[in-house]
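Read off the chains here:
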Amino acid sequence: MMKRLIPYFTLVSLLLLVISALPLVGQDTTVTAEAVGQANLRTSTFVESDLVGDITAGTRYPVIGRSDLYPWLLLGNPETSAPLGWVFAELVTVQGNVNTVPFSSEVIGAAPAATPTLAQATVDPAITATPTLPPVGVALPVQPIESPTPDFTNVVSGLLNGEVNIRFGPGVDYPRIGVAFAGEQFQITAYHTQLPWLQIRYPDAPNGFGWVAEDLLDVQGDIFSLPAISQTNFNLPTLTPTPNVIETSAILGATAVPLSPEFAALGNEVWNIVLSNGFDPQTSRFGALFVMDLQTGEAMTFGSQFAFSGTSITKVAILDRLYETLSSPPDTRTAVDIANTMICSENVATNRLLEIIGGGDVYAGANETTKLFRDLGLEKSFITAPYTIPGATQQPPSSPILLPTTIADQVKANPDLSNQLAVDDMGWMLASIYQCAYQNKGPLIEDFDGQYDPRECRQMLHVMSNNTVDALLKAGVPEDTRVAHKHGWVDETHGNAAVFFTPGGDYVAVIMLHQPEWLFFGESLPVMAEVSRTIYNYYNPDAPIEAIRDGFIPEAPTCNFAGTPLIDDLTNPFFDQ
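Everything numeric here is computed off the predicted structure, so don't read it as measured data.

**Comments concerning the sheet that holds strand 19 (residues 308–309)**
Line of reasoning, step 1. Spatially, three strands are ordered 19-21-20 in an open sheet, and the strand pairing comes out antiparallel. Both outer strands of the open sheet, strand 19 and strand 20 (382–383), are each paired with one neighbouring strand and no more.
Line of reasoning, step 2. As judged from the two bridges shared by strand 19 and strand 21 (residues 419–421), these two strands associate in the antiparallel manner. Residue Ser309 lies in a different strand from strand 21, and its bridge partner there is Gln420.

**Let's talk about the packing of helix 3 (residues 315–325) against helix 9 (residues 454–465)**
Line of reasoning, step 1. Their axes nearest at 10 Å, the elements helix 3 and helix 9 cross at an angle of 150 degrees. Classified by the angle their axes make, helix 3 and helix 9 are roughly antiparallel. Note that helix 3 runs across helix 9; the crossing there is right-handed. For the pair formed by helix 3 and helix 9, the contact residues are Val316, Leu319, Asp320 and Tyr323 on the first element and Glu456, Gln459, Met460, Val463 and Met464 on the second.
Line of reasoning, step 2. The residue inventory of the contact of helix 3 with helix 9, partitioned by class, reads six nonpolar, one polar and two charged.

**Remarks on the state of the cysteines**
Line of reasoning, step 1. Applying the stated criterion across every chain, the model contains one disulfide.
Line of reasoning, step 2. Disulfide pairing places Cys436 opposite Cys457 at an S-S distance of 2.0 Å. Taking the sign of the S-S torsion, about 85 degrees here, the bridge from Cys436 to Cys457 comes out right-handed. Here Cys436, found in helix 7 (residues 423–439), pairs with Cys457, found in helix 9; they are 21 residues apart in sequence, far enough to count as distant.

**With respect to the environment of Ile251**
Line of reasoning, step 1. Tracing the chain through its elements places Ile251 in the loop between strand 16 (247–248) and helix 2 (261–276).
Line of reasoning, step 2. Relative accessible area serves as the criterion here: at 17%, Ile251 is assigned to the buried category.
Line of reasoning, step 3. Separated by 178 residues in sequence, Ile251 and Met429 place their C-alpha atoms 9.5 Å apart.
Line of reasoning, step 4. With residues up to four places along the chain from it excluded, the contact list for Ile251 reads Leu376, Gly377, Leu378, Trp428 and Pro443.

**Concerning the packing of aromatic side chains**
Line of reasoning, step 1. Throughout the structure, instances matching the rule amount to 18 aromatic pairs.
Line of reasoning, step 2. Note on Tyr438 and Phe501: the rings are 5.9 Å apart at their centroids and 80 degrees apart in plane angle, and the pair reads as edge-to-face. Of this pair, Tyr438 sits in helix 7 while Phe501 is found in strand 23 (residues 493–502), placing the two residues 63 residues apart along the sequence.
Line of reasoning, step 3. We classify Tyr438 as partly exposed; its relative accessible area is 32%.
Line of reasoning, step 4. Clustering of aromatic rings is evident, with ring pairs tying together Phe263, Phe500, Tyr507, Tyr538 and Tyr539.
Line of reasoning, step 5. In this arrangement the basic side chain of Arg60 is found over the ring face of Phe520, its NZ or CZ atom lying 4.4 Å from the centre.
Line of reasoning, step 6. It is Arg482 that lies over the ring of Phe501; its NZ or CZ is 4.1 Å from the centre.

**Structural notes on the packing of helix 3 against helix 7**
Line of reasoning, step 1. Running from N to C, helix 3 and helix 7 cross one another at 35 degrees; their axes reach a closest spacing of 10 Å. The two elements helix 3 and helix 7 cross, and the hand of that crossing is left-handed. Note on element contacts: helix 7 touches helix 3 through Met426, Met429, Leu430, Ser432 and Ile433, opposite Val316, Ala317 and Asp320.
Line of reasoning, step 2. Considered class by class, the residues forming the contact of helix 3 with helix 7 number six nonpolar, one polar and one charged.

**Observations concerning a nonpolar patch on the surface**
Line of reasoning, step 1. Judged by side-chain polarity, Ile401, Leu403 and Leu417 come together as a nonpolar surface patch covering roughly 270 Å² of accessible area.
Line of reasoning, step 2. Relative to the elements of secondary structure, Leu417 occurs in the loop between strand 20 and strand 21.

**Quick word on the pairing of strand 24 (residues 505–514)**
Line of reasoning, step 1. Burial runs high along strand 24: 10 of the 10 residues are buried.
Line of reasoning, step 2. Burial along strand 24 is two-sided: Gly505, Tyr507, Ala509, Ile511 and Leu513 and Asp506, Val508, Val510, Met512 and His514, pointing in opposite directions, are all buried.
Line of reasoning, step 3. Pairing analysis gives eight bridges linking strand 17 (residues 286–293) to strand 24, with the strands arranged antiparallel. Across the sheet, the residue bridging to Gly287 is Leu513, located in strand 24.
Line of reasoning, step 4. Alignment of strand 23 against strand 24, held across 10 bridges, turns out to be antiparallel. Along strand 24, the bridge assignment pairs Ala498 with Ala509.
Line of reasoning, step 5. A loop of two residues connects strand 23 with strand 24, the two strands running antiparallel in sequence.

**With respect to the nonpolar core**
Line of reasoning, step 1. Counting residues in hydrophobic clusters, the biggest one holds 68 residues, and the most contacted among them are Ile338, Leu461, Val463, Val499 and Val508.
Line of reasoning, step 2. Per-element accounting of this core gives the leading share, 10 residues, to helix 7.
Line of reasoning, step 3. The contacts of Val499, once residues within four sequence positions are left out, are Leu294, Leu430, Tyr434, Leu461, Arg482, Val483, Ala484, Tyr507 and Val508.
Line of reasoning, step 4. Val31, Leu74, Phe88 and Ile229 belong to the second-largest nonpolar core, a separate cluster that totals 48 residues.

Parameters and conventions
Residues numbered from 1 in each chain as written. Predicted model: local features only at pLDDT ≥ 70, side-chain atom pairs only at ≥ 80, totals over all residues. Heavy atoms only, no water. Pairing = 2+ DSSP bridges. Helix = DSSP H or I, 4+ residues; strand = E, 2+ residues; numbered from the N terminus. Axes fitted to C-alpha atoms, helices over the stretch in contact; angles between N-to-C directions. Parallel < 35°, antiparallel > 145°, perpendicular 65-115°, else oblique. Left-handed = near helix turned anticlockwise from the far one by under 90°. Contact = heavy atoms within 4.5 Å. Nonpolar A, V, L, I, M, F, W, Y, C, P; charged D, E, K, R; others polar. Disulfide = S-S within 2.5 Å. Buried < 20%, exposed > 50% of the residue type's maximum accessible area, 1.4 Å probe, protein only. Phe/Tyr/Trp six-rings, centres within 6.5 Å; stacked < 30°, edge-to-face > 60°. Lys NZ or Arg CZ within 6 Å of the ring centre and 35° of its normal. Patch = residues over 30% accessible without salt bridge, like charges linked within 9 Å, V, L, I, M, F, W, Y side chains within 5 Å. Areas by Shrake-Rupley, 256 points an atom, 1.4 Å probe, with all protein chains shown as cover. Salt bridge = Lys/Arg side-chain N within 4 Å of Asp/Glu carboxyl O. Core = buried A, V, L, I, M, F, W, Y, C linked by side-chain atoms within 4.5 Å.

Following this line, the structure appears as structure tokens:
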């Protein structure tokens, strides 16, 4: 009797059905997702399915499944990988390759799955360094941006509950045509019959309309009273080319050196690195960069219109202003404070330097440091108060502090009110120190009536070359490369400013990256290192570095430099390096 054969494609279909039905509990996955603000979890891959809970920014959940038909992801309990619920992909930021996650059609039971507390959820460990970072697992609230509310009487409208990309079509694969923020309201003009997306009136779009994922809007009115759209192909018309974001840079009042085509191409390449990693100036997560060729004088920048928290990077300006004050090499105690300030970012030592600059008044020292920025033609950076010492009583100012209003955007990056910098200002300050040290020219030599000499400028770069932080921009160059740099970060802003001494040429690079509320080191450090590697390889094409280094940030740097060769160098009136 002939056996009945089961067709091959049927066997494959059965196998896939069995695999998709297998429980996902305990799955080991390196793919995680974090809410963009807040996101709903549902029982299945439809916006009409039951709500089982929600997630918020600040916690990463394992992605344990994905729909093969719709842009939905199944999230699991971070400790057990037990399914929690489905989330629309546009509402989360995914870390890892989502294509490695198996397909699933699982429907979560009607009873809500137990959602772990944020204290139980796993997040990427931040690198421990000064200043102390907040505890892992603390929820990060989304701060709505206030905007005027249009009158939507007798129309269906939607209020955004988070920052969102406006797309040209109903899906994340369609190009972004704009960005909107929490609190903005739009008129809804249609709904899609197959996908959980809504069409909105968007005047900035080529056709006057855009698309937003339904779960991103608090809908007011009946969307099913609107026209239904089932079209799935939306061709974006040819748009006016976006202006080049790379700009030439010069100290205020000076003429910028024209960029060579090769240097301009480098600028576009590093810009694309920043942009492709999600630091986009059209959103609230963005970055800024300055690069200067110290041989040709070419300088380029993007994002220089934004003011960032000065963090500890402003200590470069404090060091610079200190040497203007000193009439002879620093004594041993001052030299130790210089090392502790520039290497360990010790705020107590920094404030003692401000006291020297201000003749015993730290606030006067801060104002004198701001004056140095202005004397150099740098209009967007300042410091008006000493650094905070945890647990210490702050000396009050002798007169009210007037917080400067500058030509920079002092809102977008939520900068510190008393300590702000722009990347081009800090880049030009480092360039002026280098020109003084090794070219015996530049504004510190030419405009300050003999208050600086090359020996002092070489000592400034020497102490910064002893910085023990081997990460950020430094992780993008060979380990033995001399890099004179200052690091700095707060919760939402990370930065680095550096002078690089390489076989193919010396250059300055300054980078700042910002994400509201909290920026993970695991997201900022690789971007800085890759930008740095690209610049290094431009200058050293015959000996390029193939990949960024892991680098490290010392957990507890030693801040006792008394008796070390570095202090001898800083106090040496004949220092020459």
